[in-house]
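This is what each chain is made of:
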Amino acid sequence: MLIANSKLINSSNTLPTDPPQIGLRPHLKNGLVHPGTRILTNPGGTVSRSFIDQEYLRESNTTNTVVDLLMNNSNKITWKYYDHPIQIGAYQSAISTGQAFEYWNPFSAKGTSYTESYAPHFVNRTEIFSDLKSSSFPQVSWVIPSAPISEHPPASITIGMNWVKHVIDAIMVSPYWGSTAIILTWDDYGGFYDHVPPPQIDRYGLGFRMPALIISPYAKQGYVDHTQYQFESVLKFIEWRFNIPALTNRDLHANDLLNAFNFNQNAD
């Protein structure tokens, strides 16, 4: 088990206009909305809930993601989002029930996710174990925990860690291990302070640093990578691996994680 450990990735302060697009949900932040959009406020001056919902859905449906690149690629790159199934034709129902606004699956907000082309790619998280055994593991995948196993307070960190280990162990003993790179990261770092100021790489800037582990037979052994990475670096790595174009300037100019790998070492 080779881990490029203690790697740190800068988080992104995602804004709704031209956001970094890697499946991270676009959302209202700091009072900013799409240019030209009229904001309707409540008597107290706050933005109405219905407006936020409508704006979120509008932004989601006009935002391209990496899976759009994978779907439209002539090489037919396979992918899955291991979380829960999405039912074909159920978009309006998902909006009504609130499923379209769930936090950990931003694709639930996109109407295309409920089409015959996209919906089969969204499956139960436990399906990863059967896919690894049945030669059905895709080329690109996201594995998303449920709230009780997310390590997010007040959930048990131990239970969450055990679930992650279960997934990684299953990959490592599968036939796919010799050609797999696992990027394990979190959406926040669990604190309120970072002594390193976030770099201001563009008008959006970056956020506090996130921990990440790269687990692969080709990860440099015992290596701490001090390269500046960000969530778009994972996207950049996918784009490099499958020769697909960048979505935005953020991933175009992000570092691509390659410094953490040595592809000449034996895949033990």
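Only a predicted model underlies this, so the values are computations on that prediction, with no experimental measurement involved.

**Digging into the overall build of the protein chain**
In step 1: The number of helices and strands found in the protein chain is seven helices and seven strands.
In step 2: The N-to-C order of helical and strand elements in the protein chain reads β-α-α-β-α-β-α-β-α-β-β-β-α-α.
In step 3: Restricting to contacts in the protein chain with at least 6 residues of sequence separation, those with at least 24 account for 70%.
In step 4: For the protein chain, the accessible area works out to roughly 14,100 Å², and carbon and sulfur atoms hold 54% of it.

**Notes on the environment of Gly111**
In step 1: Relative to the helices and strands, Gly111 is located in the loop between helix H3 (91-97) and strand S3 (122-124).
In step 2: Placed 51 residues apart in sequence, Gly111 and Ser60 show a C-alpha to C-alpha distance of 8.6 Å.
In step 3: Filtering out sequence-adjacent residues up to four positions away, Gly111 remains in contact with Asn61 and Tyr91.

**Some points on the packing of aromatic side chains**
In step 1: Applying the stated criterion across every chain yields a total of 17 aromatic pairs.
In step 2: A ring pair is formed by Phe261 and Phe263, whose centres lie 5.3 Å apart and whose planes are at 5 degrees; its orientation type is stacked.
In step 3: A relative accessible area of 6% places Phe261 in the buried class.
In step 4: By relative accessible area, Phe263 is classed as partly exposed at 44%.
In step 5: Taken together through their ring pairs, the aromatic side chains of Trp79, Tyr81, Phe107, Tyr118, Phe122 and Trp142 make up a single cluster.
In step 6: Between the NZ or CZ atom of Arg241 and the centre of the ring of Phe242, over which it lies, the distance is 4.7 Å.

Quick notes on the rules
Residues numbered from 1 in each chain as written. Predicted model: local features only at pLDDT ≥ 70, side-chain atom pairs only at ≥ 80, totals over all residues. Heavy atoms only, no water. Helix = DSSP H or I, 4+ residues; strand = E, 2+ residues; numbered from the N terminus. Contact = heavy atoms within 4.5 Å. Areas by Shrake-Rupley, 256 points an atom, 1.4 Å probe, with all protein chains shown as cover. Phe/Tyr/Trp six-rings, centres within 6.5 Å; stacked < 30°, edge-to-face > 60°. Buried < 20%, exposed > 50% of the residue type's maximum accessible area, 1.4 Å probe, protein only. Lys NZ or Arg CZ within 6 Å of the ring centre and 35° of its normal.

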